[in-house]
Amino acid sequence: MKKFITFILAAISIVSISILFTGCGTQTAEDIAGEYVKIKDGQEIKQDNKHYYLIVLQKETTYQNKPAIEMRYTIQRYNPDLDKYYYVNNDFYIDAKTLESFDLETHTLKVKDSNNIILNSVQYKKVSSKTVTIDDTKYTSKKLIEELVKIPKFYEMDDTHISDPFSGFTTELRQYVNY
């Protein structure tokens with residue numbers, strides 16, 4: 001009986017040590033990549049024409065002479081006039097070990113747990129591991145506007161300047177696309 005208990009304790013010790021050294025429980029960039037939904041006041045905010053994705057652009061790179069991962073936060077939107085999806089992209093670097101963004105004024109990422117992140121002071125909850133491809137995200141709002149101005153109605157909208165509280169002045173078309 002004593003040998004049996006010693007054997008069980010040795011097996012538990014080996015399993016515990018292997019779990020400790022294999023990094024079980026640590027998150028990777030692939031773990032946090034996926035589709036997200038915005039959270040406000042503890043409630044999910046679903047928007048029909050907006051889908052939020054966090055994707056890995058480059059796994060092994062450096063930033064500020066430290067190991068880093070290049071990530072892309074992208075908003076997928078739909079334009080019914082051309083029946084196409086287009087993307088608004090924000091690229092940034094995160095520390096490969098902590099999965100938190102480097103000190104940047106433009107983007108901050110904090111991983112709360114496996115299903116929640118805080119990006120630029122806004123909380124998001126992961127709803128699936130589904131992502132879009134990097135090639136898909138290359139069709140941006142700028143390319144959409146280039147196609148829309150070929151249609152007379154939108155050409156006129158692109159020629160009409162209006163004041164904008166964020167950038168000073170913009171066009172009706174840019175405001176329509178970037179709602």
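Note that the structure is a prediction, hence the values are computed from the model and not measured.

Here is what the cut-offs are and how they apply
- Residues numbered from 1 in each chain as written.
- Predicted model: local features only at pLDDT ≥ 70, side-chain atom pairs only at ≥ 80, totals over all residues.
- Heavy atoms only, no water.
- Helix = DSSP H or I, 4+ residues; strand = E, 2+ residues; numbered from the N terminus.
- Buried < 20%, exposed > 50% of the residue type's maximum accessible area, 1.4 Å probe, protein only.
- Lys, Arg positive; Asp, Glu negative; His and termini not counted.
- Salt bridge = Lys/Arg side-chain N within 4 Å of Asp/Glu carboxyl O.
- Polar contact = N/O pair within 3.5 Å; in protein donor to acceptor, adjacent residues only side chain to side chain.
- Arc of directions from axis to C-beta.
- Contact = heavy atoms within 4.5 Å.

Within the element layout of this structure, lysine 126 appears in strand β8 (residues 122–128). Although lysine 126 is buried, it forms no salt bridge, and the closest oppositely charged side chain is aspartate 31 at an N-O distance of 6.4 Å. Looking at lysine 126, its side chain comes within polar contact range of the main-chain oxygen of aspartate 31, at 2.5 Å. Here alanine 33 takes part through its backbone oxygen, which lies 3.0 Å from a polar atom of the side chain of lysine 126.

Attention shifts here to unusual backbone geometry. One non-glycine residue with positive phi stands out, namely glutamine 64, at about 55 degrees. Along the chain, glutamine 64 falls in the loop between β3 (50–63) and β4 (66–79). Non-glycine residue asparagine 65 carries a positive phi angle of around 60 degrees. With respect to the element layout, asparagine 65 can be found in the loop between β3 and β4. With a relative accessible area of 82%, asparagine 65 lands in the exposed category.

So, on to helix α3 (residues 141–148). Buried within α3 we find Ser141, Leu144, Ile145 and Leu148. Within α3, the buried residues cover an arc of 100 degrees as seen down the axis, which keeps them to one side. Structurally, α3 contributes buried residues whose contacts are with β4, β5 (84–95), α4 (152–159) and α5 (172–178).

On to the pattern of salt bridges. Scanning all chains against the criterion turns up six salt bridges. Between glutamate 44 and lysine 125 there is a salt bridge, with the nearest N and O atoms lying 3.3 Å from each other. Pair noted here: glutamate 44 is in strand β2 (residues 43–45) and lysine 125 is in strand β8, with a separation of 81 residues, a long-range link. Given the relative accessible area of 35%, glutamate 44 is considered partly exposed. Across the pair glutamate 147 and lysine 84 runs a salt bridge, and its minimum N-O distance is 3.1 Å. Of this pair, glutamate 147 sits in helix α3 while lysine 84 sits in strand β5, and the two are 63 residues apart along the sequence.

We now examine the environment of glutamine 175. Inspection of the secondary structure puts glutamine 175 in helix α5. Given the relative accessible area of 42%, glutamine 175 is considered partly exposed. Separated by eleven residues in the primary sequence, glutamine 175 and aspartate 164 place their C-alpha atoms 8.7 Å from one another. If near-sequence neighbours (up to four positions away) are discounted, glutamine 175 is found in contact with Ile162 and Thr170.

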